[in-house]
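Commentary on secondary and tertiary structure
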Amino acid sequence: MHNVLAGFGFMLIRQSQKTSYNSIKQLNSNFEKKSSYFLNIHFLNFLSLSLNTQSKIILNKKNNIIFYNNKSLNNYKYNIINKSFSSSNKSFSSSNKSYSSSNKSYSSSNKSYSSSNKSYSSSNKSYSSSNKSYSSSNYIKKMSNEINVKKNCDHINLRGENCSTCNNIIENKTNQLNNGFANTCSYDYDYIVIGGGPGGMASAKEAAANGAKVLLLDFVKPSNQGTKWGLGGTCVNVGCVPKKLMHYAGHMGSLFKLDSGPYGWELGQIKHDWDKLVNTVQSHIHSLNFSYTVGLRSSKVKYINGLAKLKNMNTVTYYLKGDKTKEVDVTGKYILIATGCRPNIPEDVEGAKELSITSDDIFSLKKAPGKTLVVGASYVALECAGFLNSLGYDVSVAVRSIVLRGFDQQCANKVKTFMIEQGVLFLDGILPKKLTKETNGQIKVLFSNGNTEIYDTVLYATGRKGDIEGLNLQALNINMDKNSNKIITDKYSCTNITSIFAVGDVSFKCPELAPVCIKAGEILARRLFKKSNEIMDYTYIPTAIYTPIEYGSCGYSEESAYATFGKENVEIYLQEFNNLEISAVHRKKHKKAQKDDFDIDIGSTCLSKLICLKNQENIVIGFHYVGPNAGEVTQGMALAIKLKVKKSDFDTCVGIHPTDAESFMNLTITLSSGLSFAAKGGCGGGKCG
Ligand SMILES: Cc1cc2nc3c(=O)[nH]c(=O)nc-3n(C[C@H](O)[C@H](O)[C@H](O)COP(=O)(O)OP(=O)(O)OC[C@H]3O[C@@H](n4cnc5c(N)ncnc54)[C@H](O)[C@@H]3O)c2cc1C
């Protein structure tokens with residue numbers, strides 16, 4: 001490097017604008033050719049625009065480029081190696097609007113600069129409209145347009161290829177200019193994100209951290225019952241977070257009611273207060289809503305509570321706070337749709353839409369749910385049924401065919417059996433046909449088998465559909481899956497429109513899980529604004545279901561492994577056993593589930609199951625665990641699966657005693673052997689006898 005710098009020596013540029021620009025271009029190309037250090041083109045672009053006859057650039061021996069603006073006696077230093085920027089005179093940013101407003105390319109290419117200096121990053125509107133002193137020079141204006149088109153190309157990596165496709169993109173952008181689309185040089189934002197759930201927020205923050213100017217629009221359309229919530233999307237408001245808190249509350253109740261006596265506790269009559277639970281859960285959610293707003297601000301993401309729709313491939317229209325009279329257009333170089341999903345209630349069940357609630361409503365329900373019918377057999381259905389039952393409510397689940405479709409069915413049925421033993425009534429093959437309201441406010445349900453039953457609450461959990469309502473996707477011909485209302489993207493999260501992307505629940509075939517949305521959103525942002533080549537890997541994604549007995553899984557189910565690899569190539573190791581703490585107190589079955597006076601204790605609580613590929617040294621392709629703390633157990637194991645663990649690795653790994661997870665280190669029975677896989681010893685997942 002020093003040789004190269006010595007070659008340049010002390011370089012003083014004090015020439016006409018044109019010469020200055022050429023000098024800088026030359027400087028840059030010399031660097032690229034002769035040095036291993038890459039001098040960021042954006043920085044030079046920025047300097048070139050800032051040059052006038054009273055400016056000069058010096059490249060010194062300490063790898064610093066020093067930019068003097070004689071007019072305002074400022075001195076800015078850019079270190080090539082550390083890519084850091086320092087200034088001797090901070091007042092420059094506030095005193096010289098044209099400078100700060102023209103640095104879009106610079107702020108988007110240089111992290112330390114944009115994050116350290118509020119006045120620059122917050123003021124970097126498009127320079128075509130903002131800067132009179134520069135636009136007075138037609139030459140510079142033309143140049144800046146050229147640079148900007150190049151800049152668009154320079155930091156994007158739309159499809160993971162290292163910008164060999166850039167020429168096409170430049171061509172496309174130029175065509176858009178000619179076709180009257182928003183001028184690439186005058187976008188209001190680098191990135192407009194629609195949807196403030198986990199996917200949208202993560203992507204917005206990651207983009208901003210990499211220098212992009214980002215706008216995030218989020219608005220919650222009220223549920224059929226009028227429920228609304230704050231920033232953060234489904235996960236924090238009506239999904240993962242309240243669900244886990246209510247699951248915990250229910251689990252606590254089960255421990256008090258079912259297990260605490262034999263452990264010596266005398267608790268008297270146990271009563272649950274629904275209002276208190278809702279208050280606790282909602283207070284926590286509100287604190288999270290607030291922290292997300294603060295988080296966006298400190299990440300320099302502009303957040304607007306607005307309902308968005310697409311106008312064209314670079315323009316979004318939003319309605320402030322959903323008010324259709326307050327319409328605003330904003331332009332963005334890239335647009336991300338991360339609007340998630342909403343519960344789907346079948347159209348053909350009379351009264352269902354008007355009288356039922358969904359998971360959007362249950363966590364803030366004003367009055368205790370009472371006797372509840374849950375319709376559906378998804379994980380959301382079983383989780384809600386599970387915690388309501390554990391909290392002491394009479395719960396029935398109407399199931400069309402099987403529970404937890406897509407999950408390993410042996411495990412799914414174990415979850416179901418446990419729930420039955422805890423008092424949940426499963427109405428198999430029976431669905432509501434009609435819902436009517438009684439005069440006392442209760443709901444009469446007419447079932448498909450002709451029976452009727454009265455409930456206080458009917459909760460529909462029959463799947464979720466992409467929340468695309470009002471987004472105007474048809475007008476832009478964005479490819480959709482009509483059944484799920486989800487947006488079809490390629491593996492780069494790109495829709496069929498090059499400037500429009502989709503991540504999270506709203507993107508077709510994406511697993512509906514918060515961490516998946518977050519990762520996909522971050523990876524996309526890095527590809528767009530950090531020249532990253534990363535692509536989201538959707539294989540071996542772990543998940544847990546928070547039913548009264550939990551279930552965690554990663555990879556293939558028994559059914560999908562047989563279908564993919566052939567039954568003859570699959571070996572399954574498994575063990576059924578009793579969790580130590582529950583078996584010690586002989587937890588009782590719910591009265592409803594007892595067949596006779598001798599049918600008192602619940603069955604085995606846990607199932608551990610590994611699915612392996614015989615012809616590939618028993619590499620583990622599926623992990624399944626039914627038992628307490630399934631999320632915690634599965635998260636650790638998922639790492640091993642991702643690292644291509646083999647059954648022999650489990651065999652040589654020493655267990656932690658006494659735990660349920662240690663069962664995985666002791667699996668000797670295969671399903672194909674036909675032997676009993678019920679554990680012989682009584683010490684939980686271990687083998688101490
Ligand atoms: C009951 C339940 C339990 C769950 N439990 C778990 C769990 O335990 N673990 C897990 O990983 N996942 C869980 N999930 C799934 C998880 O919540 C979702 O995968 C995740 O929230 C999806 O994130 P997202 O960013 O794609 O969309 P969302 O979180 O749905 O956010 C989208 C946001 O965009 C907004 N929006 C929609 N349209 C517009 C528009 N036109 N303009 C502006 N804003 C708009 C929405 O109002 C919303 O705020 C659960 C889901 C539910 C329903």
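Up top is the structure these notes are about.
Please read these numbers as outputs of a predicted model, since none were measured by experiment.

Attention now goes to the overall build of the protein. When helices and strands are counted, the protein shows 25 helices and 28 strands. Looking at the protein as a whole, 53% of its 689 residues are labelled buried. Counting contacts in the protein only where the partners sit at least 6 residues apart, residues at least 24 apart contribute 64% of the total. If you sum the accessible surface of the protein, you get close to 31,200 Å²; carbon and sulfur atoms cover 52% of it.

So, about the site of the ligand. With respect to spatial proximity, 40 residues lie near the ligand, and among them Asp218, Phe219, Thr234, Lys243 and Asp505 are the closest. For the ligand, an oxygen atom lies 2.8 Å from a polar atom in the side chain of Asp218. Within the backbone of Phe219, an N or O atom sits 2.8 Å from an oxygen atom of the ligand. About the coverage of the ligand: the protein hides 96% of its 1,000 Å² of free accessible area. Ranked by residue count, the leading element in the shell around the ligand is helix α14 (residues 233-238), at four residues. In the shell around the ligand, the residues fall into 20 nonpolar, 13 polar and seven charged. Domain assignment of the residues forming the shell around the ligand places at least three in each of domain 2 (189-343 + 465-529) and domain 3 (352-462).

Attention now goes to the packing of aromatic side chains. Under the definition given, this model contains 12 aromatic pairs. Their ring planes at 35 degrees and their centres at 6.0 Å tell us that Phe363 and Phe387 sit as a pair that is tilted. Here Phe363, found in the loop between α18 (359-362) and β13 (372-375), pairs with Phe387, found in helix α19 (residues 379-390); they are 24 residues apart in sequence, far enough to count as distant. Centre to centre, the rings of Phe447 and Tyr455 are 6.4 Å apart; their planes meet at 80 degrees, and the pair counts as edge-to-face. There is no split in this pair, since Phe447 and Tyr455 are both buried. The rings of Tyr191, Tyr334, Phe501 and Phe529 are connected pair by pair, giving a single aromatic cluster. The aromatic ring of Tyr319 is capped on one face by Lys324, whose charged end is 5.5 Å from the ring centroid. Between the NZ or CZ atom of Lys647 and the centre of the ring of Tyr573, over which it lies, the distance is 4.5 Å.

Here we come to unusual backbone geometry. Put simply, His657 and Pro658 share a cis peptide bond, and its omega is -10 degrees. By the element assignment, Pro658 lies in the segment after α25 (647-652). One non-glycine residue, Lys321, lies in the positive phi region at around 50 degrees. You can see Lys321 is positioned in the loop between β10 (315-320) and β11 (327-337). The exposure class assigned to Lys321 is exposed, which follows from its relative accessible area of 62%. Phi is positive for Asn629, which is not a glycine, with a value near 55 degrees. According to the relative accessible area criterion, Asn629 is partly exposed, its value standing at 48%.

Here we take up the sheet that holds strand β27 (residues 606-613). Pairing between the strands of a sheet comes from backbone hydrogen bonds, and it takes one of two forms, parallel or antiparallel. Across the sheet, which stays open at both edges, the five strands sit in the order β24-β25-β28-β27-β26 with antiparallel pairing between neighbours. Two strands lie at the open edges of the sheet, namely β24 (543-545) and β26 (570-577), each paired on one side alone. Across the sheet, the mean angle separating the axes of adjacent strands is 15 degrees when strand polarity is ignored. Where strand β25 (residues 551-555) and strand β28 (residues 619-626) come together, five bridges link them in antiparallel fashion.

With that settled, consider the packing of helix α15 (residues 240-259) against α19. Interhelical geometry of α15 versus α19 gives an angle of 40 degrees and a closest axis separation of 8 Å. Relative to α19, α15 is oriented oblique. Of the two elements, α15 crosses α19, and the hand of that crossing is left-handed. Taking contact as the criterion, the partners of Lys243, Met246, His247, Gly250, His251, Gly253, Ser254 and Lys257 in α15 are, on α19, Tyr379, Glu383, Phe387 and Ser390.

Relative to the helices and strands, Glu206 resides in helix α13 (residues 198-209). In this structure, Glu206 is in contact with Glu522, Ala525 and Arg526, ignoring residues within four places of it in sequence.

The four strands lie next to each other as β15-β14-β13-β19, forming an open sheet whose pairing is parallel. Looking at strand neighbours, the two that pair on one side only are β15 (425-428) and β19 (457-460), the edges of this open sheet. Strand-to-strand twist in this sheet, taken as the mean axis angle between neighbours without regard to direction, amounts to 20 degrees. Where strand β14 (residues 395-399) meets β15, four bridges bridge the pair, whose relative direction is parallel.

Taking 1.5 Å of rise per residue, 16 residues should cover 22 Å, and helix α21 (residues 514-529) covers 23 Å from first to last C-alpha, within 8% of that figure. The buried fraction of α21 amounts to 12 of the 16 residues, a majority that puts the element mostly inside the structure. Turning to α21, its buried residues number three or more, namely Ala514, Val516, Cys517, Ala520, Gly521, Ile523, Leu524, Ala525, Arg526, Arg527, Leu528 and Phe529. Check the buried side of α21 and you find it contacts β6 (189-194), α13, α14, α15, β11 and β23 (500-502).

The next subject is helix α24 (residues 630-642). Its 13 residues give α24 an end-to-end C-alpha distance of 18 Å, which sits within 8% of 18 Å, the value for a rise of 1.5 Å per residue. Those residues of α24 that sit buried are Ala630, Gly631, Val633, Thr634, Met637, Ala638 and Ile641. Those residues of α24 that are buried are in contact with β24, β25, β28 and α25. Note on α24: the residue one or two positions beyond its end, Lys644, has a positive phi of about 65 degrees.

Here we come to the pairing of β19. The alternating pattern of β19 places Thr457 and Leu459 on one face and Val458 and Tyr460 on the opposite face, and all of these are buried. The pairing of β13 with β19 spans four bridges and is classified as parallel. Residue pairing in the sheet places Val375 in a bridge with Tyr460 of β19.

Bringing a nonpolar patch on the surface into the picture now. A cluster of nonpolar side chains, Tyr248, Met252, Phe256, Tyr263, Trp265, Leu267 and Ile270, forms an exposed patch at the surface whose accessible area comes to about 730 Å². With respect to the helices and strands, the residue Tyr248 is situated in helix α15.

This brings us to the packing of α15 against helix α16 (residues 274-298). At their nearest, the axes of α15 and α16 sit 10 Å apart, and the two run at 145 degrees to each other. Both α15 and α16 take part in a crossing whose hand is right-handed. The residues of α16 that touch α15, namely those facing Val241, Pro242, Leu245, Met246 and Ala249, are Trp274, Leu277, Val278, Val281, His284, Ile285 and Leu288. For the contact of α15 with α16, the per-class residue count stands at 11 nonpolar, one polar and no charged.

Quick notes on the rules
- Residue positions are counted from 1 within each chain, in the order its sequence is given.
- Given that the model is predicted, a residue must reach a pLDDT of at least 70 before its local features are reported, and side-chain atom pairs must reach 80 or more before they are shown or counted; all residues, however, enter totals for whole chains, interfaces and linings.
- Based on all heavy atoms of the structure, the side-chain values leave hydrogens and waters out of the count.
- Secondary structure elements follow DSSP: runs of H or I no shorter than four residues count as helices, runs of E no shorter than two count as strands, and numbering proceeds from the N terminus.
- Note on exposure labels: buried denotes an accessible area under 20% of the residue type's maximum, exposed denotes more than 50%, and partly exposed covers the range between, all computed with a 1.4 Å probe on protein chains only.
- The contact definition used throughout considers only heavy atoms, calling two residues in contact when any of these lie within 4.5 Å.
- Only the protein chains shown count as cover for residues, with accessible areas throughout obtained via the Shrake-Rupley method and a probe of 1.4 Å.
- The cutoff for a nearby residue is simple: one of its non-hydrogen atoms must lie within 4 Å of the molecule or strand.
- In protein, a polar contact requires one atom able to donate a hydrogen and another able to accept it; more generally it is a pair of N or O atoms within 3.5 Å, and residues adjacent in sequence count only if both atoms are side-chain atoms.
- Residues are grouped as follows: Ala, Val, Leu, Ile, Met, Phe, Trp, Tyr, Cys and Pro are nonpolar; Asp, Glu, Lys and Arg are charged; every other residue, Gly included, is polar.
- What marks off one domain from the next here is an automatic or database domain assignment.
- Two aromatic rings from Phe, Tyr or Trp, using only the six-membered ring of Trp, form a pair when their centres are within 6.5 Å; if the ring planes differ by under 30 degrees the pair is stacked, by over 60 it is edge-to-face, and anything between is tilted.
- Note on criteria: charge over ring means Lys NZ or Arg CZ within 6 Å of the ring centre, with the direction from the centre no more than 35 degrees off the ring normal.
- A pair of strands is considered paired only if DSSP assigns at least 2 bridges between the two.
- Inter-axis angles, ranging from 0 to 180 degrees, are taken between N-to-C directions of lines fitted to C-alpha atoms, where helices are fitted over the stretch in contact.
- Here the angle decides the label: under 35 degrees means roughly parallel, over 145 means roughly antiparallel, 65 to 115 means roughly perpendicular, and every other value means oblique.
- Should the near helix be turned anticlockwise from the far one by less than a right angle, the crossing is termed left-handed; should it be turned clockwise, right-handed.
- The span one expects for a helix is its residue count, reduced by one, times 1.5 Å.
- Patch membership requires over 30% relative accessible area and the absence of a salt bridge. Like charges are linked within 9 Å, and nonpolar side chains (Val, Leu, Ile, Met, Phe, Trp, Tyr) within 5 Å.
- Any carboxyl oxygen of Asp or Glu within 4 Å of a side-chain nitrogen of Lys or Arg constitutes a salt bridge here.

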